[in-house]
Amino acid sequence: MGNRKIALVGNPNSGKTTLFNVLTGANQHVGNWPGVTVEKKEGKLRYQKNEYDVIDLPGIYSLGAFSEDEIVAMDYVLSDDADVIINVIDSSNIERNLYLTSQLLEMGKNLVIVLNMTDEAEKRNIKIDVFGLSKILGVPVISAVAHKGEGKNEIIKEVVNAILKKKTYDNPIKYNKNVLHHIEHIEEILKGKKIPYPIKWTSIKVVEGDSHVLKRLEESKIGKEAVEAIKDFHRFHSKDSFELEVVDSRYSFANSIAEATVSRPAKEVETITDKIDRIFINKYLGIPIFAIIMLVVFQVTFVIGEEILGGIAAFLIEGLGGLIEKLLMSVNSPEWLISFSINGIINGVGAVIEFVPLITVLYLMLGFLEDSGYMARAAFVWDNLMRKFGLQGRAFISMIIGFGCNVPGIMSARTMDNKKDRMITMFINPFMSCGAKIPIYTVFIAAFFPNHGALVLFSLYALGVIVALIMAKIFNNTLFKGESSYFIMELPPYRLPTIKNVLRNMWTNVSGFIVRAGTVIFAVVTVMWVLAVVPASAEPYSQDSLLGAIGSFLMPLFKPAGFGTWQESVALFAGIPAKEAVVGTLGMLYAGEYMEEGKALVDAIRENFTQLTSLSYMVMVLLYTPCAAVLGTIGKETKSIRWTVFIALYTFALGWAAAVTIYQVGSLLGFG
Amino acid sequence: MLKEILKIIYSSGYFSNRDLAKQLNVTEEVIIDGINQLINMGYLKREAKKDMCPTSCTRCPYVQSCNKDIVETYQITEKGMSVI
């Protein structure tokens, strides 16, 4: 006769493997369970001249068909290969572990329960009535601290005793009458048949609809008639939720055992999260609080990112420009190279780079909000409002991502199963003020609203969201009718943001901004510069240049919106390849035009715009045609050129109409 | 317990493991397992977020933003709705 076998079953992190090591010492080897990649650990226990095989089964939370680990453990326990099963329970987490115990009891196997990590439970002031637990379950229960070897001898004695007694148990779980009736019905079908598992347990699993057990039954020799009867049962009860009833019965059993034998220190009735959430996710206060928080974010961004650090960045870029100019002149570089380097690169790309400190502070603040758990609340608060506009709260997450860049914002709509939700979310995302639009807003704010920067920036962000909601409602009632999916959000507890996460979030956005400035913006500004200096016969940066001709051609279109010069029109045109290029192009063109005066971009803008036209210009930038990368993404995601063209045109029309309205109404009211 | 979880999260539109544990008088770990059971059995669906960026995106400077984990969202499936 071979060695008696002991199998260890338990939740992950219950200390099962530690106990295995304590019982077997160095006598162990590792292999794989046949046919699967699940690790099999076996060892030898020597006790009173006898040798026992100890098998460490994979750590699992339940026995079912949901993972290879579960199937391996379930099949082994049911195989009768083991003489006794040790159910290792993490005492500090006993309530969770008892679900698996209930499944082992359901199997009726010879069982010994080890309450491991009792020292952890004691530390947390969790008291377990070990005697009571053993009495209620009718199973030997031993307390242990496996990593210290405490309880080892008692466990071995009890296990050996259980092997000798060969005890089995009646299933203590109480199922509801309806389920019980069906279990009995299946038992009738299976009676007398050669089945791979115990009949009572198999009947429960059939009613539960365990796919692994059903498959094994089909493969075994229970006959076509029985297989068909089981299939008929599932077909007939396809709308019933027996599996939920069965699982709930186990939970009821496990919870009742825990209630009777476990006492925990009373939890704080109201945590800080509860107190904060009472205000932050309040039906009426949620959105105003969100607005205030965002306003504070923008205020801090402006004070630190623009007023303090922005000046330093501008100074450094200007200094760099001076140095490059001197260097190029000292080596007698051709005039075109000096012009390209200073007007194109320094005043064009440099005008974009200047905003790195502002972008850095903004994304640091947003990262802080995200990592604190607040953004999840914001998404929930917006969810209610979104639904009124035919959207689901998940669209708000796409919108938040769109505040960084519209490309990932649109991509994130992929996760939505409902086509209507997905399409509308993609169609409205371009109205989110992405990082690329911030330099444009900031340069106009610096020129005309230096004392109300945060308020203007906040208003632009808010306007984008409002337009997005209105358009969502329109699309919902016209192009994409139908019901939205219903989503539930999991609100994590508030936590102190980690520096690592906040910095990572910031760096993702800032590095993206810098990379774009050095690649796409550089390319766009270079093309614009070439167009601004050709043909050779024309005065560079003048209306006679090729770029001037394009600008002059576009000028009448933008005249009703108050954009009176060709530079303003052509800068909007340059913003279609990449939004930052609006600032880059204006920087380059004004630098060329005001070369002799040496005017800064902000001063040049002040000379060419008014407060009213700067507002209409910013709104145009906010709403008009998204950049090429976004259009490309929409094309890829919708797999339709027609929808892409539609988005390019409808956003342009909307931006133009809004800019014209602001300018015309403002002029009528005397703000012109 | 699982039916109760479904009903509570359906009526509130959001949930936190802590709140559910408090309401059902169990530990948070039991709720986590319960939610996973509901997902495994097809009553609840966790919205996939990872790997939604195609590999061609790896050069995109904003690639990491695509997999942002602002909030976990779930959907009660048709099967789940039939229980409610």
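## Overview of the environment of I9 of chain B
The residue I9 of chain B is located in helix α1 (residues 2–12) in this model. For I9 of chain B and Y74 of chain B, which are 65 residues apart along the polypeptide, the C-alpha to C-alpha distance reads 9.8 Å.

## Here's the deal with the side chain of D53 of chain A
All names here are of chain A. Mapped onto the fold, D53 is located in strand β4 (residues 50–56). Taking relative accessible area as the criterion, D53 reaches 12% and is therefore assigned buried. In terms of polar contacts, D53 uses its side chain to reach the side chain of N3, at 3.1 Å. Those residues in contact with D53, other than ones at most four positions away along the chain, are N3, R4, K5, I6, G43 and K44.

## A short note on the pairing of strand β5 (residues 84–90) of chain A
All names here are of chain A. Of all seven residues that make up β5, seven are buried, and the element is covered over most of its length. In terms of strand pairing, β5 meets strand β6 (residues 111–116) through six bridges, oriented parallel. For D90, the partnering residue across the bridge sits in β6 and is N116. Taking the sense of rotation as the criterion, the β-α-β connection linking β5, helix α3 (residues 94–107) and β6 turns out right-handed.

## A word on unusual backbone geometry
All names here are of chain A. Following V534, the chain continues into P535 via a peptide bond in cis, with omega recorded as -5°. As for its position among the elements, P535 is in the loop between α22 (499–533) and α23 (546–558). Look at N13: it is not a glycine, yet its phi comes out positive at around 65°. Locating N13 in the fold gives a position in the loop between β1 (4–10) and α1 (16–24).

## Some thoughts on the nonpolar core
Residues and elements named next belong to chain A. Within the largest apolar cluster, 112 residues are counted, with the highest numbers of intra-cluster contacts made by I428, F431, F444, L586, I605 and Y617. Those residues within four positions of Y617 in sequence are excluded, and the remaining contacts are F444, F563, E568, A571, L572, V582, L586 and F609. Membership of the second largest hydrophobic core comes to 58 residues, among which are Y76, V77, A82 and W201.

## Thoughts on the packing of aromatic side chains
All names here are of chain A. For the structure on display, the rule yields 30 aromatic pairs over all chains. Consider the rings of W382 and F396, whose centres lie 5.3 Å apart with planes at 10°: the pair is stacked. Of this pair, W382 sits in helix α16 (residues 374–388) while F396 sits in helix α17 (residues 394–404); the two residues are 14 residues apart in sequence, bridging distant segments of the chain. F396 shares its class with W382; the two are buried. Ring geometry for F444 and F609: centres 4.8 Å apart, planes at 85°, overall edge-to-face. Here F609 lies in the loop between α26 (601–608) and α27 (611–623) and F444 lies in helix α20 (residues 438–448), a separation of 165 residues in the sequence. The two residues F444 and F609 agree in class, both being buried. Within the aromatic cluster, the residues linked to one another by ring pairs are F427, F431, F475, F480, W643, F646 and Y650.

## Observations concerning the pairing of β4 of chain A
All names here are of chain A. Among the seven residues of β4, five are classified as buried, and the element is accordingly described as predominantly covered. Both β1 and β4 contribute to a ladder of five bridges, which runs parallel. Looking at the pairing, A7 lines up with I55 of β4. Strand direction decides the pairing type here: strand β3 (residues 39–47) and β4, joined by seven bridges, are antiparallel. Note on β4: the bridge partner recorded for K44 is D53. Remark: two residues form the turn of the hairpin made by β3 and β4, two consecutive strands paired antiparallel; Q48 in that turn has positive phi of roughly 45°.

## A look at the domain arrangement of chain A
Residue and element names in this part refer to chain A. When the domains of chain A are assigned, the result is domain 1 (4–165), domain 2 (177–263) and domain 3 (286–668). The distance between the C-alpha centroids of domain 1 and domain 2 comes to 25 Å. Contact residues are listed per partner, giving 25 residues for domain 1 and 22 residues for domain 2. With both chains or domains summed, domain 1 and domain 2 bury close to 1,900 Å², and 68% of this area falls on carbon and sulfur atoms. Three residues, L78, Y99 and E106, lead the burial of domain 1 against domain 2; their summed loss comes to 30% of the area buried on that side. For the interface between domain 1 and domain 2, the tally reads one salt bridge. Across the contact surface, domain 1 and domain 2 share six residue pairs in polar contact (both at pLDDT 80 or more). Of the residues forming the side of domain 1 that touches domain 2, the biggest block, nine residues, is contributed by α3. For the side of domain 1 that touches domain 2, the residue count by class is 15 nonpolar, five polar and five charged.

## Description of the pattern of salt bridges
All names here are of chain A. One pass over the full model with this rule turns up 19 salt bridges over all chains. With its nearest N and O atoms 2.8 Å apart, the salt bridge here joins K44 to D53. The salt bridge partner of E106 is R250, with a shortest N-O separation of 2.8 Å. Placement of E106 in helix α3 and of R250 in helix α11 (residues 242–261) is noted, with a sequence separation of 144 residues between them. Each of the two residues, E106 as well as R250, counts as buried. Among the charged side chains, a salt-bridge network with shared partners connects E106, K205, E208, D210 and R250.

The rules behind these values
Residues numbered from 1 in each chain as written. Chains lettered and ligands numbered in written order. Predicted model: local features only at pLDDT ≥ 70, side-chain atom pairs only at ≥ 80, totals over all residues. Heavy atoms only, no water. Helix = DSSP H or I, 4+ residues; strand = E, 2+ residues; numbered from the N terminus. Buried < 20%, exposed > 50% of the residue type's maximum accessible area, 1.4 Å probe, protein only. Polar contact = N/O pair within 3.5 Å; in protein donor to acceptor, adjacent residues only side chain to side chain. Contact = heavy atoms within 4.5 Å. Pairing = 2+ DSSP bridges. Right-handed = clockwise from strand over helix to strand, strands pointing away. Core = buried A, V, L, I, M, F, W, Y, C linked by side-chain atoms within 4.5 Å. Phe/Tyr/Trp six-rings, centres within 6.5 Å; stacked < 30°, edge-to-face > 60°. Domains from an automatic or database assignment. Buried area = accessible area lost by both parts, 1.4 Å probe. Salt bridge = Lys/Arg side-chain N within 4 Å of Asp/Glu carboxyl O. Nonpolar A, V, L, I, M, F, W, Y, C, P; charged D, E, K, R; others polar.

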